[in-house]
Amino acid sequence: MPLGGDTAARLGRLGIFADLPESELRDVAAELDERSFPEGGWVLRQGDPGSGLFIVADGEVGVVIDDDVVATLATGSFFGEISVLLGEPATADIVVRKPLRCLVIPPQRTEEFLLAHPKVMYRMLQTEARRLRTVDQARD
Amino acid sequence: MAGTTTPSTGPRPGYLPIAEYGIIGDLHTVALVGTNGSVDWYCCPAFDSPSVFGAILDHDRGGYYRIGPATGEWTTKQLYLPDTNVLITRYLTPEGVGEVQDFMPVEQGARGRGRLHHHRLIRRVLGVRGRMSLRLDIQPRFNYARDDHSTLFYENGVVFRSPGTSLALQSPIALESGAAAAGANGDGGVHCEFTLEAGQSATFVLEQVPDDYVPRRYSEDETREAFESTVAYWRGWLAQSRYQGRWREMVHRSALTLKLLTYEPTGAMVAAATTSLPEGIGSGRNWDYRYTWIRDAAFSVYALLRLGFSEEAAAFMDWLTDRFQQPHSQTTSPGVSGPLQVMYDIRGGFDLKEQILPHLEGYRGSAPVRIGNGAASQLQLDIYGELIDSVYLHDKYGSPIHYDAWSDLCRVIDWIAGHWDQADEGIWEVRGGSQKFTYSRLMSWVAVERAIRIATSRGLPAELTRWQTTRDAIYHQIMAQGWNPERKAFVQHYDSDMLDASVLLMPLVKFIAPTDRRWLSTLDAISRELVSDSLVYRYNVGASPDGLEGEEGTFSMCTFWYVEALARAGRLDEARLVFEKMLTYANHLGLYSEEIGLTGEALGNFPQAFTHLALISAAYCLDQQLG
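A. Structural context of the overall build of chain B. Helix and strand counts for chain B stand at 15 helices and 29 strands. On C-alpha atoms alone, chain B measures out to a radius of gyration of 25 Å, which is about the 25 Å that the 2.2 N^0.38 rule sets for 627 residues. When its C-alpha atoms are laid out on the principal axes, chain B stretches across 75 × 50 × 45 Å. Across the 627 residues in chain B, those meeting the buried criterion constitute 65%. Considering only intrachain contacts with a sequence separation of at least 6, the fraction spanning at least 24 residues in chain B is 68%. Once the 56 positive and 75 negative side-chain charges of chain B are each reduced to a mean point, those two points are 4 Å apart.

B. A look at the packing of helix α4 (residues 107–116) of chain A against helix α5 (residues 118–139) of chain A. Residues and elements named next belong to chain A. The N-to-C vectors of α4 and α5 enclose an angle of 105°; their axes lie 5 Å apart at closest approach. With respect to their mutual orientation, α4 and α5 come out roughly perpendicular. Here F113, L114, L115 and A116 of α4 come into contact with α5, specifically with P118, V120, M121 and M124. Grouping the amino acids of the contact of α4 with α5 by side-chain chemistry returns 8 nonpolar, no polar and no charged.

C. Fine view of the side chain of B:T29. Residue and element names in this part refer to chain B. Looking at the element boundaries, T29 is found in the loop between β2 (21–25) and β3 (30–34). A distance of 2.5 Å separates a polar side-chain atom of T29 from the backbone oxygen of C43. When neighbours within four sequence positions are excluded, T29 is seen to be in contact with I24, Y42, C43, P45, A46, F47, M104 and H119.

D. Structural context of the interface of chain A and chain B. Across the boundary between the two partners, chain A contributes 22 residues, which contact 17 residues of chain B. Of the roughly 1700 Å² buried between chain A and chain B, counting both surfaces, carbon and sulfur atoms make up 42%. The three residues of chain A that bury the most area against chain B are A:R13, A:R123 and A:R130, which together make up 37% of that side's buried surface. For the pair chain A and chain B, the number of links is 3 salt bridges. On inspection of chain A and its partner chain B, the count reaches 10 residue pairs in polar contact (both at pLDDT 80 or more). At the level of secondary structure, the elements contributing two or more residues to the side of chain A that touches chain B comprise β4 (68–74) and α5 of chain A. Of all the elements, α5(A) adds the most residues to the side of chain A that touches chain B, at 7 residues. Among the residues making up the side of chain A that touches chain B, the classes are represented as 6 nonpolar, 9 polar and 7 charged.

E. Molecular detail of the sheet that holds strand β28 (residues 595–596) of chain B. Residue and element names in this part refer to chain B. The 3 strands lie next to each other as β27-β28-β29, forming an open sheet whose pairing is antiparallel. Across the chains shown, the open sheet's two edge strands, defined by having one partner strand only, are β27 (554–555) and β29 (602–603). Note: β28 against β29, 2 bridges, orientation antiparallel. Paired with I596 across the two strands is A602, which belongs to β29.

F. Just the nonpolar core, in detail. B:Y42, B:Y65, B:L169, B:F204, B:I416 and B:W561 are the most contacted members of the largest nonpolar core, which has 190 residues in total. A:L14, A:V28, A:L32 and A:L114 belong to the second-largest nonpolar core, a separate cluster that totals 20 residues.

G. Summary view of a nonpolar patch on the surface. The grouping of A:I82, A:L85 and A:L86 at the surface amounts to a nonpolar patch, some 300 Å² of accessible area in total. Residue position: A:I82 is located in helix α3 (residues 81–86).

H. Inspection of the environment of B:A174 at higher detail. On the secondary structure map, B:A174 appears in the loop between β13 (166–170) and β14 (176–177). Between the C-alpha atom of B:A174 and that of B:T275, which follows or precedes it by 101 residues, the distance is 34 Å. Not counting residues up to four positions away in its chain, the partners in contact with B:A174 are A:E60, A:A74, B:H191 and B:C192.

I. Main features of unusual backbone geometry. Residues and elements named next belong to chain B. Here the bond from C44 into P45 is cis, since omega is 15°, no more than 30 degrees from zero. Relative to the helices and strands, P45 resides in the loop between β4 (38–43) and β5 (51–53). Residue P607 is bonded to the preceding F606 through a cis peptide linkage, with omega at -20°. Along the chain, P607 turns up in the loop between β29 and α15 (609–626). With a phi close to 55°, N143 is a non-glycine residue in the positive phi region.

J. Main features of the state of the cysteines. Residue and element names in this part refer to chain B. Under the defined criterion, the tally for this structure stands at 0 disulfides over all chains. Free cysteine: C43, not disulfide-bonded; nearest cysteine sulfur from C44 at 8.9 Å. With relative accessibility at 1%, the residue C43 sits in the buried group.

K. Region of the structure containing the layout of surface pockets. Roughly 1100 Å³ of internal volume is contained in the largest pocket. Considering the residues around the largest pocket, the lining is formed by 44 residues, among which A:V63, A:V70, A:A71, A:T72 and A:L73 are closest to the centre. Breaking the lining of the largest pocket down by element, the ones donating at least two residues are β3 (53–65), β4, β5 (78–79), α3, β6 (93–105) and α5 of chain A together with β11 (150–154) and β12 (157–161) of chain B. Top element by residues in the lining of the largest pocket is α5(A). It accounts for 8 residues. Here the lining of the largest pocket is composed, by residue class, of 25 nonpolar, 9 polar and 10 charged. Of the voids in this model, the second largest pocket is the one considered here, and its volume is about 540 Å³. Taken together, 27 residues line the second largest pocket, and the ones lying closest to its centre are B:Y302, B:L393, B:L508, B:K510 and B:R568.

L. Representation of helix α2 (residues 220–238) of chain B in the model. All names here are of chain B. Over its 19 residues, α2 extends 27 Å from the first C-alpha to the last, a length consistent with the 27 Å expected when each residue adds 1.5 Å. Where α2 is concerned, the buried positions are T223, A226, F227, T230, V231, Y233, W234, W237 and L238. Along α2, the residues classed as buried sweep out an arc of 155° about the axis, all on the same side. Within α2, the exposed residues directed more than 90 degrees away from the buried face are D221 and E225. Contact partners of the buried residues in α2: β2, β9 (96–103), β10 (121–139), β16 (201–209), α3 (248–260) and α5 (310–325).

About the cut-offs
Residues numbered from 1 in each chain as written. Chains lettered and ligands numbered in written order. Predicted model: local features only at pLDDT ≥ 70, side-chain atom pairs only at ≥ 80, totals over all residues. Heavy atoms only, no water. Helix = DSSP H or I, 4+ residues; strand = E, 2+ residues; numbered from the N terminus. Rg over C-alpha atoms; globule rule 2.2 N^0.38 Å. Buried < 20%, exposed > 50% of the residue type's maximum accessible area, 1.4 Å probe, protein only. Contact = heavy atoms within 4.5 Å. Lys, Arg positive; Asp, Glu negative; His and termini not counted. Charge placed at Lys NZ, Arg CZ, Asp CG, Glu CD. Axes fitted to C-alpha atoms, helices over the stretch in contact; angles between N-to-C directions. Parallel < 35°, antiparallel > 145°, perpendicular 65-115°, else oblique. Nonpolar A, V, L, I, M, F, W, Y, C, P; charged D, E, K, R; others polar. Polar contact = N/O pair within 3.5 Å; in protein donor to acceptor, adjacent residues only side chain to side chain. Buried area = accessible area lost by both parts, 1.4 Å probe. Salt bridge = Lys/Arg side-chain N within 4 Å of Asp/Glu carboxyl O. Pairing = 2+ DSSP bridges. Core = buried A, V, L, I, M, F, W, Y, C linked by side-chain atoms within 4.5 Å. Patch = residues over 30% accessible without salt bridge, like charges linked within 9 Å, V, L, I, M, F, W, Y side chains within 5 Å. Areas by Shrake-Rupley, 256 points an atom, 1.4 Å probe, with all protein chains shown as cover. Disulfide = S-S within 2.5 Å. 1 Å grid on protein atoms, 1.4 Å probe; cavity = no way out; pocket = protein on both sides within 12 Å on 5 of 7 lines; lining within 4 Å. Points joined across faces, edges and corners; volume = space filled by probe spheres on them. Expected span 1.5 Å × (residues − 1). Arc of directions from axis to C-beta.

Dropping the structure here:
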């Protein structure tokens with residue numbers, strides 16, 4: 001994939017890939033697609049069929065549910081995982097707030113990718129746990 | 001305290017004056033926050049740990065963490081939330097007013113229970129009026145800017161991971177890589193810009209974390225609670241003060257600062273929050289003060305007891321007792337002949353090996369930057385006087401001395417009896433060779449005299465006859481050799497006719513009556529030769545070479561001693577004027593560094609405990625004398 005010459009170093013700055021050695025980072029870089037989106041556009045629309053797991057490499061998106069911005073995601077965040085893991089349509093609109101460059105794992109390769117890189121899966125789980133905790137605290 | 005006004009342009013115009021900083025802390029470490037909103041000094045996790053933000057020692061390489069207006073010109077004001085160590089930096093522009101509330105929650109009870117201490121540095125940014133665009137820039141430089149680090153981006157912030165420690169910055173605003181503005185080590189840190197309307201807020205939490213930490217979202221409720229509990233902690237602590245005299249605000253600010261400089265796990269107080277802020281720009285007189293001097297003991301215990309902070313006095317006393325109860329082989333580093341070192345680290349360790357950090361340019365180019373302190377291994381006989389005076393004070397006003405501590409103290413007195421007449425390096429830690437300093441003998445006299453007082457008042461076993469003989473021998477020698485009949489003054493050391501401000505303590509330690517003719521003529525001589533516009537030099541560097549290059553400013557601590565000496569001599573109007581003038585040299589927050597330069601600028605490490613201790617003592621004394 002065309003992520004440039006210092007791909008491994010750039011991937012290594014993203015928390016989800018923080019624990020990978022350089023050789024594995026190079027492997028990961030080869031498995032990912034890179035996509036760019038202009039400011040103001042949509043990456044996903046609520047109800048879209050699963051489009052993959054998206055990892056924000058640069059830029060910023062808003063998570064919009066029923067016209068409410070419920071979260072802002074920036075460099076190091078990811079989205080699309082619920083849709084991919086459950087095989088269900090997207091649960092939110094993802095709106096680009098700052099020009100976006102993201103890494104994408106297509107839905108059909110997500111399981112294989114996560115099983116091949118368990119440390120990435122563990123980091124994803126940590127982040128999901130953080131999200132869950134935040135929601136719980138907000139409810140309290 | 002009053003604020004300051006500093007028109008500013010651009011994010012980082014250069015080195016701020018030393019006095020343009022405020023201090024926050026959590027009783028383990030501190031951070032210095034400039035009036036431009038930049039944290040330019042922060043060591044983590046303890047006072048003497050390597051710096052993470054050290055821009056005061058190297059503007060380009062040292063690292064910083066700034067939150068301030070994004071563009072344009074603004075005016076800034078800084079103040080403490082009253083009776084607390086919560087610092088507020090305010091920005092005023094025609095379009096709006098914003099402020100940053102900086103604080104570090106005091107995590108009480110975290111030690112000794114296996115809990116991780118987070119050392120949270122919380123920066124709560126509020127829109128006050130209109131709207132304001134702000135910018136956050138953070139460029140950590142771990143291990144005094146010697147270690148590389150990685151920056152890992154997560155959903156709720158970033159983790160800066162270095163070989164020695166990792167810090168997370170948790171942010172409600174998306175953070176961006178600052179690669180375009182890469183610093184000396186190639187890492188440009190991270191930044192973000194945001195706009196706040198009146199009533200809006202954004203809170204940024206920096207904390208020490210494990211390597212595998214995933215940043216979390218701090219809710220506004222949570223940070224408000226942390227803010228309120230921090231305010232309550234400081235107000236509750238200060239409420240213990242019994243001081244009701246004049247200048248109460250300044251005395252209380254000094255007390256709050258001394259508490260910030262105290263390491264809660266051991267009760268030790270560092271001499272200052274910083275290392276290597278120069279005593280004169282380009283002078284080379286740059287030292288690491290993040291250690292605990294035995295010398296500060298008596299002054300600390302006295303000041304804390306006077307104000308009613310008996311718990312802090314007792315904790316510091318425990319730390320001191322541990323020092324002279326440590327086996328000799330453990331307390332003495334190579335080359336030290338006495339039972340105590342001059343200084344220790346905050347945990348009681350004695351390995352303070354001095355080294356220079358050549359990669360840092362020093363404050364405004366004032367190299368060298370030193371860490372560790374080579375003076376630790378000097379022989380400075382006065383420390384025993386200060387130590388035993390503090391034991392005496394605590395025994396009298398705090399709690400009675402225990403038998404084991406008394407037995408160890410007797411051994412210290414025995415050692416003094418055999419060594420007080422040696423040449424030493426003296427109170428100012430000069431590096432120009434040993435001398436028979438008058439002050440060292442004065443404090444040796446204090447050591448023996450106070451031990452006799454304790455033994456007599458408590459009926460404790462002691463070789464009183466021998467001790468009295470030693471005490472009187474020291475006294476007679478000072479009167480014979482420390483007194484210079486031609487100068488009509490007590491002088492710096494026996495082979496000199498130079499004056500020294502340290503002898504201002506003679507009446508304060510009750511060595512001599514404050515109205516004794518010898519003393520009054522010494523005071524006159526000091527007034528003529530060491531006092532300049534009410535400020536006191538510790539000695540005449542030109543006439544009395546100290547083995548160091550460069551000039552230095554007046555010594556704030558000595559000026560406060562001068563106030564006390566004048567007050568005790570009955571020269572109250574003069575004492576009050578000098579004291580009031582001295583108050584004008586504090587910074588906008590009431591903080592002092594070690595020295596004051598010719599144009600009133602703060603010089604040396606900042607803020608300095610000894611100066612604040614001397615302020616409390618002088619205020620207390622002067623207030624009593626004024627009635």
